[in-house]
2 protein chains.
Amino acid sequence: MQGPKSGNITWQQAGVTRTERERARGHRGATLWLTGLPGSGKTTIATRLEKALLGRGCVAYVLDGDNLRHGLSRDLGFAPVDRRENIRRIGEVAKLFTDAGVLVLCAFVSPYRVDREELRENMVRGDFVEIHVKASLATCEERDPKGLYRKARAGGIADMTGIGSPYEPPEHPELQLDTEAETADECVEQALGFLERTGYISPRSAG
Amino acid sequence: MQGPKSGNITWQQAGVTRTERERARGHRGATLWLTGLPGSGKTTIATRLEKALLGRGCVAYVLDGDNLRHGLSRDLGFAPVDRRENIRRIGEVAKLFTDAGVLVLCAFVSPYRVDREELRENMVRGDFVEIHVKASLATCEERDPKGLYRKARAGGIADMTGIGSPYEPPEHPELQLDTEAETADECVEQALGFLERTGYISPRSAG
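Report follows, based on the coordinates. (Residues numbered from 1 in each chain as written. Chains lettered and ligands numbered in written order. Predicted model: local features only at pLDDT ≥ 70, side-chain atom pairs only at ≥ 80, totals over all residues. Heavy atoms only, no water.)

What to know about the environment of Leu105(B)
Residue and element names in this part refer to chain B.
(1) Moving on: Its place among the elements puts Leu 105 in strand S3 (residues 103-107).
(2) Moving on: Look at Leu 105 and you get buried, because its relative accessible area is 0%.
(3) Moving on: Along the sequence, Leu 105 and Glu 182 sit 77 residues apart, while their C-alpha atoms lie 20 Å from each other. (Helix = DSSP H or I, 4+ residues; strand = E, 2+ residues; numbered from the N terminus. Buried < 20%, exposed > 50% of the residue type's maximum accessible area, 1.4 Å probe, protein only.)

Considerations on the interface of chain A and chain B
(1) Moving on: Each partner contributes residues to the interface: chain A has 57 residues there, and chain B has 58 residues.
(2) Moving on: Carbon and sulfur atoms supply 57% of the area that chain A and chain B bury against each other, a total of about 5,100 Å² over both sides.
(3) Moving on: On the surface where chain A and chain B come into contact, there are eight salt bridges.
(4) Moving on: The shortest N-O distance in the salt bridge between Lys51(B) and Glu20(A) comes to 3.8 Å.
(5) Moving on: Connecting chain A to chain B are 12 residue pairs in polar contact (both at pLDDT 80 or more).
(6) Moving on: Looking at the side of chain A that touches chain B, the elements with two or more residues in it are helix H1 (18-25), helix H2 (42-55), strand S2 (60-64), helix H3 (65-69), helix H4 (80-99), helix H6 (137-143) and helix H8 (184-197) of chain A.
(7) Moving on: Its residues placed into classes, the side of chain A that touches chain B shows 21 nonpolar, 17 polar and 19 charged. (Contact = heavy atoms within 4.5 Å. Buried area = accessible area lost by both parts, 1.4 Å probe. Salt bridge = Lys/Arg side-chain N within 4 Å of Asp/Glu carboxyl O. Polar contact = N/O pair within 3.5 Å; in protein donor to acceptor, adjacent residues only side chain to side chain. Nonpolar A, V, L, I, M, F, W, Y, C, P; charged D, E, K, R; others polar.)

Observations concerning the packing of aromatic side chains
(1) Moving on: Tallied over the entire structure, the rule returns nine aromatic pairs over all chains.
(2) Moving on: Ring plane angle 25 degrees and centroid distance 5.5 Å describe the contact between Tyr61(A) and Phe97(A), whose orientation is recorded as stacked. Here Tyr61(A) is found in strand S2, whereas its partner Phe97(A) is found in helix H4, with 36 residues between them in sequence. Pair check on accessibility: Tyr61(A) and Phe97(A) agree, each one buried.
(3) Moving on: Here the aromatic residues Tyr61(A), Phe97(A), Tyr61(B) and Phe97(B) are joined through ring pairs into a cluster of three or more. (Phe/Tyr/Trp six-rings, centres within 6.5 Å; stacked < 30°, edge-to-face > 60°.)

A look at the relation of the copies chain A and chain B
Superposition of the two copies of the chain requires a rotation about an axis and a shift along the axis.
(1) Moving on: Note on the identical chains: chain A maps onto chain B by a rotation of 180 degrees and an axial translation of 0.0 Å, with an RMSD of 0.0 Å. As the rotation angle and translation indicate, the two copies are arranged about a two-fold axis. Closest approach to the rotation axis among the C-alpha atoms of chain A is made by Val93(A), whose C-alpha sits 3.5 Å away. (Least-squares fit on C-alpha atoms with pLDDT ≥ 70 in both.)

Overview of the side chain of Asp127(A)
(1) Moving on: Tracing the backbone shows Asp127(A) in the loop between helix H5 (113-121) and strand S4 (128-134).
(2) Moving on: If sequence neighbours within four positions are ignored, Asp127(A) has contacts with Arg18(A), Arg28(A), Gly29(A), Ala30(A), Thr31(A) and Thr98(A).

Okay, structure coming up:
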């Protein structure tokens, strides 16, 4: 029925290892998890950091509410159990991207410490990098890029983080970016410096 | 409260487009969906194709049961409704990788035409490439790399595809790889030729 070509030896697997992928990419894979109040600047920093990483030949990608809620988490609502499942799925997707040797930038409010600790524990040590995007509630409310704070103050969003629901800042994040003290571009430079110092990416070559 | 640095202008988004990502990667993002009977050679071809693509400087990654069932689909069983949700989630993850400019190789039996058509319809035209990994049931059963056929024949797996449950081969796949007629490496060469001809990757430079 079958010739030697379809014998078992030919069909053994020879998978690519993560190390081989990372060597080929020229940088490590990692999940850079940006947490912070709505309006703190997570998505702005994530998208600019992706651009900067792209310019250095790194493979990076932003996961945020826009590309998750309409797809993978389409079946989930905003009840606590759904929010946790949403974060769990995002963590699993981030883990796959990390294994693929990608620097995946996750921009989610993710207000609870316990959820973020679960994400960290689900990954290999060093793969989960918690970045606190910090700004005071007053500043975030003044920026209010999506008009969510106004809506919440008017009673339209009961469990808005910062208003009706708490935000638990990280206690020991790998990196903190203060978006009141620095511009978005300065924050991106800080993040790049951190990634260089810690060996996730190679230092920019001179010239 | 806030200086000009945290003003709205600084915090506008400037996202990286998929086209920019693809230009940086030097190839298109796409979902290469390998469907076929258990034992037909999907994972073998996927892993070797990833290796070959890596060798050409492409960003590729294999999604298969091993890295999905223990993570993202951990909460799902094997009932029909769970199987469909599993395939849906894989499709959404593949879509994210494709958007990230990655050539994502999905190796799943995915026996039903309707499921594969839904995956295709959920993606931009040209992003979903259906690859039929073809081998007769007799050959797959003889290879039986995971001992699943033996177990099914002994009554241990009620709905084993090919035995207790049908496999619906694609009617118009973008590519068919016959693993009875060709070696795994020949199949990989065929897939690379296809990806070159159709412009997903650049032709190999001479020398």
